Amino acid sequence: MLMLPVLESQRLIILPWIPEVDAPQAFATSSNSNVSSCLSYEHFNIQEENIHSFKKFNDGSGFWAIIGKQTQEFIGGILLKKLYDINENPTFNYEIGWHIHQEYSGKGYATEAALKIMNYGFHTLNLPALIAIIDPKNTASLKVAHKLGMTSLGITNNYYNRGQELFYIKSECENIFS
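Residues numbered from 1 in each chain as written. Predicted model: local features only at pLDDT ≥ 70, side-chain atom pairs only at ≥ 80, totals over all residues. Heavy atoms only, no water.

**Student:** So, the overall build of the chain: which residues are in play, and what are the values?
**Tutor:** Looking only at helices and strands, one finds six helices and eight strands in the chain. Ordering the α and β elements of the chain from the N terminus gives β-β-α-α-α-β-β-β-α-β-α-β-β-α. Here the chain, with 178 residues, has 47% of them falling under the buried criterion. Across the chain, every contact between residues at least 6 apart in sequence was considered, and the portion connecting residues at least 24 apart equals 59%. Roughly 9800 Å² of accessible area belongs to the chain as shown, and the carbon and sulfur atoms make up 52% of that amount. (Helix = DSSP H or I, 4+ residues; strand = E, 2+ residues; numbered from the N terminus. Buried < 20%, exposed > 50% of the residue type's maximum accessible area, 1.4 Å probe, protein only. Contact = heavy atoms within 4.5 Å. Areas by Shrake-Rupley, 256 points an atom, 1.4 Å probe, with all protein chains shown as cover.)

In structure tokens:
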């Protein structure tokens, strides 16, 4: 298994997910109704009971905590993972996704972290493309996808059991792999 790197940007440290450390803060973020209504999974109500399931969910395939460099505070989480369809069958696609604590929303942190994860996916993992699946009501994440240069492919019901807007971006190096 490929070890996840620690990534840094101008304002952020993007650390591989450690459930015992990051789960309580992620639970606090996802418990906010403005955040949880846009997540593809139901938010967590009981921290201790769900830390074990978060460990199972995080097998090292690509979950990171977003930490502020100056404050050392948890800002949110970001993932890069193999995408499964509605029937839990693996696809050839990889998903990038993010969630930001409401207190830090609108400050460019999701875009900054996503650019680092995209670079890792394209240049280290040699992925030809990435997909983002976003709740159409989540205007903040829709803006992030557009800022990242992603193209909307419309609404799909193929993932997460509900209509989501599907975004796509190709690697600059895609022709090398064709």
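From this point, the discussion proceeds with the structure in view.
**Student:** Go over the nonpolar core with me, naming the residues and quoting the values.
**Tutor:** Ile-78, Ile-96 and Trp-98 are the most contacted members of the largest nonpolar core, which has 32 residues in total. Only β2 (12-16), β3 (63-68), β4 (74-84), β5 (90-100), α4 (109-124), β6 (129-134), α5 (139-147) and β8 (164-170) provide two or more residues apiece to this core. Of the residues forming this core, the biggest block, eight residues, is contributed by α4. Setting aside chain neighbours within four positions, we find Trp-98 in contact with Gly-77, Ile-78, Ala-110, Ala-114, Ala-132, Ile-134, Ser-141, Val-144, Ala-145 and Leu-148. By size, the runner-up hydrophobic cluster in this structure holds seven residues, among which are Trp-17, Phe-63, Ala-65 and Leu-79. (Core = buried A, V, L, I, M, F, W, Y, C linked by side-chain atoms within 4.5 Å.)

**Student:** Please provide a residue-by-residue account of unusual backbone geometry, values included.
**Tutor:** Here the phi dihedral of Gln-72 falls at roughly 60°; this positive angle occurs in a residue that is not glycine. Tracing the sequence through the fold places Gln-72 in the loop between β3 and β4. Within the chain, Asn-126 stands out as a residue other than glycine whose phi angle is a positive 60°. One can find Asn-126 in the loop between α4 and β6.

**Student:** Can you explain the pairing of β5? Please cite residues and give values.
**Tutor:** Alignment of β4 against β5, held across eight bridges, turns out to be antiparallel. Following the sheet pairing, Gly-76 is matched in β5 by Ile-100. The hairpin turn running from β4 into β5, its antiparallel successor, is five residues long, and Glu-88 in that turn takes a positive phi close to 65°. (Pairing = 2+ DSSP bridges.)

**Student:** Any details on the packing of aromatic side chains? Residues and values, ideally.
**Tutor:** What the rule picks out here adds up to two aromatic pairs. For the ring pair Tyr-104 and Tyr-109, a centre distance of 6.1 Å and an interplane angle of 75° mean the geometry is edge-to-face. This pair shows no difference in class: Tyr-104 is buried, exactly as Tyr-109 is. (Phe/Tyr/Trp six-rings, centres within 6.5 Å; stacked < 30°, edge-to-face > 60°.)

**Student:** Residues and numbers for the environment of Ile-13, please.
**Tutor:** For Ile-13, the position within the fold is in strand β2. Ile-13 sits in the buried class, given a relative accessible area of 17%. Each C-alpha atom, one on Ile-13 and one on Ala-113, is 8.5 Å from the other, the two residues being 100 residues apart in sequence. Once residues within four sequence positions are removed from consideration, Ile-13 is found in contact with Val-6, Leu-7, Glu-8, Ala-65, Ile-66, Ile-67, Lys-69 and Gln-72.

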